[in-house]
Amino acid sequence: MVFDNAAKRRALKALLLLLPLFALLTLSTSLWESAFGPLFPRLEQLVYPLASFPLLVGEHLLLVGLSSGAAILIGITLGILVTRPWGRDLLPAASSLASMGQTFPPVAVLALAVPVVGFGFAPTFIALFLYGLLPILANTISGMESLDDGILEAARGMGMTRSQCLFRVELPLAAPVILAGVRISTVINTGTAALGATIGAGGLGKPIIAGLIGDNPAYILEGAILVALLAIIIDTILGMVSVARVEGV
Amino acid sequence: MISLSGVTKRYGETLAVKALDLSIESGEFTVLIGPSGCGKSTTLRMVNRLIEATAGKIEIDGEDIASYRPEELRRRIGYAIQSVGLFPHMTVEKNIAVVPTLLKWDEARIKHRVGELLELLSLDPAIYSEKYPSQLSGGEAQRVGVARALAADPAILLMDEPFGALDPITRESLQREFLRVQRELKKTILFVTHDIDEAMAMASKIAIMRDGSLIQYAAPEEILESPADRFVREFIGADSALKRLALLKVGPLFKRAKSIKEREGLVAAKERIVEGENLWLTDEKGVVKGWISPRSLTGAEDLTEATTSLDPRAAGIAKDDNLRDALSTMVKFGFRTAPVVDKGGILLGELSLSAILEA
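What counts, and where the lines are drawn
- Residues numbered from 1 in each chain as written.
- Chains lettered and ligands numbered in written order.
- Predicted model: local features only at pLDDT ≥ 70, side-chain atom pairs only at ≥ 80, totals over all residues.
- Heavy atoms only, no water.
- Helix = DSSP H or I, 4+ residues; strand = E, 2+ residues; numbered from the N terminus.
- Buried < 20%, exposed > 50% of the residue type's maximum accessible area, 1.4 Å probe, protein only.
- Contact = heavy atoms within 4.5 Å.
- Areas by Shrake-Rupley, 256 points an atom, 1.4 Å probe, with all protein chains shown as cover.
- Lys, Arg positive; Asp, Glu negative; His and termini not counted.
- Charge placed at Lys NZ, Arg CZ, Asp CG, Glu CD.
- Polar contact = N/O pair within 3.5 Å; in protein donor to acceptor, adjacent residues only side chain to side chain.
- Salt bridge = Lys/Arg side-chain N within 4 Å of Asp/Glu carboxyl O.
- Axes fitted to C-alpha atoms, helices over the stretch in contact; angles between N-to-C directions.
- Parallel < 35°, antiparallel > 145°, perpendicular 65-115°, else oblique.
- Left-handed = near helix turned anticlockwise from the far one by under 90°.
- Nonpolar A, V, L, I, M, F, W, Y, C, P; charged D, E, K, R; others polar.
- Pairing = 2+ DSSP bridges.
- pLDDT = per-residue confidence, 0-100.
- 1 Å grid on protein atoms, 1.4 Å probe; cavity = no way out; pocket = protein on both sides within 12 Å on 5 of 7 lines; lining within 4 Å.
- Points joined across faces, edges and corners; volume = space filled by probe spheres on them.

Here's the deal with the overall build of chain B
Now for step 1: Scanning chain B from terminus to terminus reveals 18 helices and 16 strands.
Now for step 2: If you line up chain B on its principal axes, its C-alpha atoms span 80 × 50 × 35 Å.
Now for step 3: Counting all 359 residues of chain B, 52% fall into the buried class.
Now for step 4: For chain B, the proportion of contacts with a sequence separation of at least 24, taken over those separated by at least 6, is 59%.
Now for step 5: Summing over all exposed atoms, chain B offers an accessible surface of approximately 17100 Å²; the carbon and sulfur share of this is 49%.
Now for step 6: Across chain B, the 48 positively charged side chains and the 53 negatively charged ones have centroids separated by 2 Å.

What follows is the structure in structure tokens.
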């Protein structure tokens, strides 16, 4: 096992910088005004007025949190099920679904979900959940499949039950790969969630869409910068979790 | 005691093991051997039910293994394999503790047992307990693998080519070490290998298999002396006579030797020597210094001139050496008769070539 303490320290330092910056940009409107005033002198309105940034960030986080949470839960469970002896028949189907599904653009999933469940939170949740599920499923399968046969034979041969084998040996050993999938999925979801604004799901996509429609680059930048920062912060935190995991196992 | 009766394993149309009858006495070191695909590993794994037999019955101490839950059965049987299969996310200590933990031993007892086992396998607990498998050499990893198999002190040990992936030098030292451990612990061992030399060195009984059937089941000496058929003869190889010598010890074959001390002088030597035999020259303590032949004695002016000197540490043979090694020493030094000495080089007797040939 690799003990990468240096990586953890780097991530911690980055967070100490990123978190205050994000808080500042979320809470203070005057900061945006003083930055964008000289940049866009002809704009009347410099800060998105229809909702406060803390509210938008909250909506965004709720959307990402719920959809990614569900994707993690279902994705890992599915990945475990299809790598069990009795679920193995479904493994080829699950593998190809997981890799094929990621070639589907999320906008298309949104467009397909709207006629089924209507506008708002629900179709966005479904699209984000489905889209986030696939990398987690793919990584869980590959993590489980890459385990050394000798290790599993030893585990069984020493008298571990199937569930002891899963929780004491297979999952801890596959954890780094699974967590990498979780990280990719959640970060992509953070960015993709901005698209939800097009069908009325709220979140940090709202200023972006409003800016595009109303020809206001300041709104676009505000939404984009906050989404990007949020994605980087989530990526750094999940990166730290997987480093800690590798150490702990 | 493990007894297999009519044990069969079928995969589709093919029979991997055909109605095998085999009875292994407690404390016996039984080696299952045969070419690849002969069913030896399948047989081994049917004993701890990693593979379920298609037909037949396996009993341990008279109890049918089918009456146990497979996990319970396996926790009572040690298991070591070629790929070792140490868990890379656990320290050496945690790896060895796997079965005791499954059996819910208390922590202090586990800790004590792990230390005991590491010492038994010549690994310093202070150095190795906290290491991870990736920090071990192949030989060290396999020692830990064996320690892990012994952890809950099972009466039976199943080993599937445990030393197969090691380099020849490490393999031989581990074999010797494991034999020492076995002499101490007297486990009932079922050991799979395809290496006939390994089988000869380790086994108290060898079971030779081919195409899923048992061809011969006997002590190594017996297999070398009277192989059951052509297949066995070919399998044990052209050097079966030498292999047999490797199984016999010098101990019962050497006889008393005539010797003379340096201060006794030439005259005494001439009186003591017998035609066709040598006289060993020793110092006051009895350490061998050289040898005197009847021919070298004629015309010699003193004992030193008549003596061909030798180093007992190089040219001497120990009582518990095997005859193959003894023969090798004799060929190397051109002896018809070699001195048998103890650790300090003190003469115990002599071993003649004719004694080896008659053995």
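Still to come is the rest of the account.
Focus on the side chain of Thr140 of chain A
Residue and element names in this part refer to chain A.
Now for step 1: Locating Thr140 in the fold gives a position in helix α6 (residues 121–145).
Now for step 2: The exposure class of Thr140 is buried, given its relative accessible area of 0%.
Now for step 3: A distance of 2.7 Å separates the side chain of Thr140 from the backbone oxygen of Ile136, its partner in a polar contact.
Now for step 4: Beyond its immediate sequence surroundings of up to four residues, Thr140 is in contact with Gly75, Ile76, Gly79, Ile80 and Ile178.

A few points about the pattern of salt bridges
Now for step 1: For the structure shown, the criterion picks out 19 salt bridges over all chains.
Now for step 2: In this structure, the salt-bridge partner of Lys57 of chain B is Glu59 of chain B, at a minimum N-O distance of 3.4 Å.
Now for step 3: Its relative accessible area of 38% is what places Lys57 of chain B among the partly exposed residues.
Now for step 4: Assessed through its relative accessible area of 22%, Glu59 of chain B is described here as partly exposed.
Now for step 5: Across the pair Arg69 of chain B and Glu72 of chain B runs a salt bridge whose closest N-O atoms are separated by 3.4 Å.
Now for step 6: One salt-bridge network, in which partners are shared between bridges, spans Arg156 of chain A together with Arg69, Glu71 and Glu72 of chain B.

Overview of the packing of helix α7 (residues 138–150) of chain B against helix α8 (residues 168–185) of chain B
Residue and element names in this part refer to chain B.
Now for step 1: Put simply, α7 and α8 touch, their axes get as near as 11 Å, and they point 20 degrees apart. Taken together, the axes of α7 and α8 are roughly parallel relative to one another. Along this stretch, α7 crosses α8, giving a crossing that reads as right-handed. Two secondary-structure elements touch here, α7 through Gly139, Gln142, Arg143, Val146 and Leu150 and α8 through Thr170, Ser173, Leu174, Glu177, Phe178, Val181 and Leu185.
Now for step 2: Of the residues contributing to the contact of α7 with α8, the split by class is 6 nonpolar, 4 polar and 2 charged.

Some points on the pairing of strand β2 (residues 14–24) of chain B
Now for step 1: The pairing of strand β1 (residues 2–11) of chain B with β2 of chain B spans 7 bridges and is classified as antiparallel. Considered in β2 of chain B, the bridge of Val7 of chain B is made with Leu20 of chain B.

Description of unusual backbone geometry
Now for step 1: The residue Asp215 of chain A is not glycine, and still its phi comes out positive at about 55 degrees.
Now for step 2: Relative to the helices and strands, Asp215 of chain A is located in the loop between α9 (205–214) and α10 (217–248).
Now for step 3: Its relative accessible area of 64% is what places Asp215 of chain A among the exposed residues.
Now for step 4: Although it is not a glycine, Asp61 of chain B sits at a positive phi angle of roughly 50 degrees.

Things to note about the side chain of Asn48 of chain B
Now for step 1: In this structure, Asn48 of chain B sits in the loop between α1 (40–47) and β4 (55–60).
Now for step 2: What makes Asn48 of chain B buried here is its relative accessible area of 0%.
Now for step 3: Look past the residues within four positions of Asn48 of chain B in its chain and what remains in contact with it is Gly157 of chain A together with Leu73, Arg74, Ile77, Tyr79 and Leu158 of chain B.

Quick word on the environment of Thr43 of chain B
Residue and element names in this part refer to chain B.
Now for step 1: Turning to its location among the elements, Thr43 is positioned in helix α1.
Now for step 2: Residues Thr43 and Leu4, spaced 39 residues apart in sequence, show a C-alpha to C-alpha distance of 9.4 Å.
Now for step 3: With near-sequence residues (within four places) excluded, Thr43 lies in contact with Leu4, Val17, Leu20, Leu32 and Met209.

Let's talk about the sheet that holds strand β10 (residues 213–218) of chain B
Backbone hydrogen bonds hold the strands of a sheet together, and the pairing may be parallel or antiparallel.
All names here are of chain B.
Now for step 1: With respect to topology, 6 strands assemble into an open sheet ordered β6-β7-β8-β3-β9-β10, the strand pairing being mixed. Each edge of the open sheet is held by one strand with a lone partner, namely β6 (77–81) and β10. Taken pair by pair, the neighbouring strands of this sheet meet at an average axis angle of 15 degrees, ignoring direction.
Now for step 2: Pairing analysis gives 4 bridges linking strand β3 (residues 29–33) to strand β9 (residues 205–210), with the strands arranged parallel.

Details of the confidence of the model for chain B
Now for step 1: Per-residue pLDDT for chain B has a mean of 88; in total, 100% of the residues score no lower than 70.
Now for step 2: Quick note on the complex model: pTM equals 0.78, ipTM equals 0.78.

A closer look at the sheet that holds strand β5 (residues 63–64) of chain B
All names here are of chain B.
Now for step 1: Here 4 strands make up an open sheet; going across it, the order is β2-β1-β4-β5 and the pairing antiparallel. Looking along the sheet, the strands with just one partner apiece sit at the ends: β2 and β5.
Now for step 2: The pairing of β4 with β5 spans 2 bridges and is classified as antiparallel. Within β5, the position partnered with Ile60 by the bridge is Glu63.
Now for step 3: Helix-sheet contacts for α1 involve β1, β2 and β4, and the interaxial angle to β1 is about 120 degrees.

Notes on empty space enclosed by the protein
Now for step 1: For the coordinates displayed, the defined rule picks out 2 cavities of 30 Å³ or more.
Now for step 2: Considering the residues around the largest cavity, the lining is formed by Gly157 and Met158 of chain A together with Arg74, Arg75, Ile77, Gly78, Tyr79, Val99, Arg148, Ala149, Ala152 and Pro154 of chain B.
Now for step 3: Examining the composition of the lining of the largest cavity, we find that 3 residues originate from one element, β6 of chain B, more than from any other.
Now for step 4: For the lining of the largest cavity, a count of residues per class yields 7 nonpolar, 2 polar and 3 charged.
Now for step 5: Taken as a whole, the second largest cavity spans an internal volume of roughly 30 Å³.
Now for step 6: Lining the second largest cavity, in full, are Pro106, Leu110, Thr124, Ala127, Leu128, Thr192 and Leu195 of chain A.
Now for step 7: Going through the elements one at a time, α5 (106–117) and α6 of chain A are the ones with two or more residues in the lining of the second largest cavity.
Now for step 8: Per-element tally for the lining of the second largest cavity: the top contributor is α6 of chain A, with 3 residues.

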